[in-house]
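Observations on the three-dimensional arrangement
Below, each chain spelled out in residue letters.
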There are 2 protein chains.
Amino acid sequence: MTTTVPEAIERGRALAVPALRATVDRLHPRLRHVVAYHRGWVDAAGEPVPGNGGKLVRPALALLSAEAAGAPAEVGLPAAVAVELVHDFSLLHDDLMDGDRERRHRATAWTVFGADGAILAGDALLGLATQVLLEVEGEPGRRAAVILGAGVQDLVRGQAEDLLFESRSDVSVAETLHMEDGKTGALLACSASLGAVLAGAPDEVVDGLAEYGSRLGTAFQLIDDLLGIWGDPAVTGKPVLNDLRSRKKSVPVVVALEAGGDDADELRAFLTEEGEASEDDLHRIAALVERAGGRDWTTAEADRQLKACENALRSISIPASAEAELLAMARFVTERDR
Amino acid sequence: MTTTVPEAIERGRALAVPALRATVDRLHPRLRHVVAYHRGWVDAAGEPVPGNGGKLVRPALALLSAEAAGAPAEVGLPAAVAVELVHDFSLLHDDLMDGDRERRHRATAWTVFGADGAILAGDALLGLATQVLLEVEGEPGRRAAVILGAGVQDLVRGQAEDLLFESRSDVSVAETLHMEDGKTGALLACSASLGAVLAGAPDEVVDGLAEYGSRLGTAFQLIDDLLGIWGDPAVTGKPVLNDLRSRKKSVPVVVALEAGGDDADELRAFLTEEGEASEDDLHRIAALVERAGGRDWTTAEADRQLKACENALRSISIPASAEAELLAMARFVTERDR
């Protein structure tokens, strides 16, 4: 299936990229270099590199969010910048914590600039994101910063749980969903609602948009979990069975564990083994997870979350054009081959 | 010389400790444990430990800052909590980046909870500090969060420069002072002014208090640099010559380098050598730094900064009792054997 790129992505990039560059320029030259490298703007030597620097899904949502509140997209621009900076902060720190050496086919920032470069650049971006929102005068800027602050706590909580769950063999499906809600849903909820906050939207609109973003984040993450085992490498850029290779307790795996029985015992044993698994083992385990219902349950849950995402949007009173564009964004984010 | 502990420290602790505990309690249990351990409230197993948990200089300044603006100390309490949380954030991350395994005679948090524990706990505290300020309704909370955000950027910039300077042999005295201003002065400037901001003080009072804090921070850091070479281990808790042992380019060292000549060449050679230096070498280098004027210049500069700190305070119109207590705090922070 090929998905067309929504117009909101293109418009969002045109507005957000210059604003993001201007904001990152405020950093100390060393930290600016780390961030510009991480974003794909420059190489390790600081030379500009061609490329489009990512889809910028979060900024596009933030700008649509302002339009959903009846304001011009530009009103949501500080929110667009802030959520993307928080996204970068979390990637810079998470890649280091997870020991990931590659992202989007490039060496991760910590492998190029050291742990201290990645830590400090992330710290600076986290602070800068709030500053950008507080530079919006009056109550809307303050309200946006409060909401983003709560989102950051959720994001950090999710990453902490993710790391803790690695050493536990009794993680439940509910705990895993809650973790993924923090890791992915919290920032998408902010992205989809903070533009409206800056536009002075009433609470019910802000809450509805946040719910849309949160459900969208969970749906996206569940699909990512499916692709991590059964996905097409041409689509994901990651080899098939990758999450099993790294013995990751993603949702399909946890569902199979929770099903109990001999299959669960075999899976649990596999997850606690050390060393590299053979391709035969990986295929056997993938089949086992599927047999135990992990694939079906996760597919159904992703569909349910996407429905809830769309329903959250339809439950609030926003301009029809913004609703249509937000629905198109939800499809774009979740429609990957699976 | 023995220094009496100012009454403001005792009063500050009585107010700030319960508020700090209540704020840290809002964190995810895992991150709460890391922070409580770092603060000396619990041991690695989570059991409460006796002890007073530090002097809390920054919260004491924040509370006095509210009183300087004619408000009750309690008005400054969110500021007291916020600056201490930012202090903890920076220590958690810096100890990891600097590879320091011990702080206040205890294993540092990252050695106990891993790099990820220290990174995430720091991230959570940085976010929480701003949240605490923004929970103060209206413009004062917003204004305080904006000022703290700028202070955090300075703090991160200072740490980035500190790490960068390690690999440079041509760092100037001015660059070193600017770096220390970020690492120590920025947060003390926030500590001394954010209470007044929450109390709605006029700009000239806020600016004067910030200048007092900034100069105090630089004076403190210069004295720390003197103690790092010629200090009394009984006072500092660190062995004499410690900063030379780690080949740190502290201010006295950079002054001696900038003086030029044979001594500077010898010193530069020492700083770039690898491996452990002998005690004889360390004593020889300390004598060299002193002969080149490093000790005298740093002592004079610390005195000059302390004078500027006191003058900043005297230039603004604040209650006499608050002025006297802030002067007593400045003496307490800087009067260590040197």
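Residues numbered from 1 in each chain as written. Chains lettered and ligands numbered in written order. Predicted model: local features only at pLDDT ≥ 70, side-chain atom pairs only at ≥ 80, totals over all residues. Heavy atoms only, no water.

The name given to chain A in an unreviewed UniProt entry is Dimethylallyltranstransferase, with the source organism recorded as Parafrankia soli. Comment text from UniProt for chain A, heading Sequence similarities (unreviewed entry), reads "Belongs to the FPP/GGPP synthase family." (UniProt positions renumbered as here; feature names shortened; annotations may be inferred.)

**Details of the interface of chain A and chain B**
Each partner contributes to the interface: chain A provides 36 residues, whereas chain B provides 36 residues. Where chain A abuts chain B, roughly 2900 Å² becomes buried across the two surfaces, and 71% of that area is made up of carbon and sulfur atoms. Seen at the junction of chain A and chain B, the total is two salt bridges. Its salt-bridge partner being R142(B), residue E137(A) comes within 3.9 Å of it at the nearest N-O pair. Seen at the junction of chain A and chain B, the total is ten residue pairs in polar contact (both at pLDDT 80 or more). Secondary structure elements with two or more residues in the side of chain A that touches chain B: helix 2 (29-38), helix 4 (77-98), helix 5 (109-134) and helix 6 (138-165) of chain A. If you tally residues by element for the side of chain A that touches chain B, the top one is helix 6 of chain A, at 14 residues. Considering only residue class, the side of chain A that touches chain B consists of 19 nonpolar, nine polar and eight charged. (Contact = heavy atoms within 4.5 Å. Buried area = accessible area lost by both parts, 1.4 Å probe. Salt bridge = Lys/Arg side-chain N within 4 Å of Asp/Glu carboxyl O. Polar contact = N/O pair within 3.5 Å; in protein donor to acceptor, adjacent residues only side chain to side chain. Helix = DSSP H or I, 4+ residues; strand = E, 2+ residues; numbered from the N terminus. Nonpolar A, V, L, I, M, F, W, Y, C, P; charged D, E, K, R; others polar.)

**Let's talk about unusual backbone geometry**
Despite not being glycine, R247(A) shows a phi value in the positive range, around 55°. In this structure, R247(A) sits in the loop between helix 10 (242-245) and helix 11 (251-259).

**What to know about the packing of aromatic side chains**
Residues and elements named next belong to chain A. Here the structure, examined in full by the defined rule, presents two aromatic pairs over all chains. Summarising the aromatic geometry, the rings of Y37 and F113 are spaced 5.5 Å apart at their centres and angled 70° between planes, so their arrangement reads as edge-to-face. One end of the pair, Y37, is in helix 2; the other, F113, is in helix 5, and 76 residues separate them in sequence. Like F113, Y37 is buried. In this structure, R106 is placed above the aromatic ring of Y37, and the distance from its NZ or CZ to the ring centre is 4.1 Å. (Phe/Tyr/Trp six-rings, centres within 6.5 Å; stacked < 30°, edge-to-face > 60°. Buried < 20%, exposed > 50% of the residue type's maximum accessible area, 1.4 Å probe, protein only. Lys NZ or Arg CZ within 6 Å of the ring centre and 35° of its normal.)

**Brief notes about the relation of the copies chain A and chain B**
Superposing chain A onto chain B takes a rotation of 180° combined with a translation of 0.0 Å along the rotation axis, leaving an RMSD of 0.0 Å. Here the transformation between the copies is reduced to the relation of a two-fold axis. Closest approach to the rotation axis among the C-alpha atoms of chain A is made by R142(A), whose C-alpha sits 3.1 Å away. Most of the interface of chain A is mirrored in chain B: 100% of its interface residues are interface residues there too. (Least-squares fit on C-alpha atoms with pLDDT ≥ 70 in both.)

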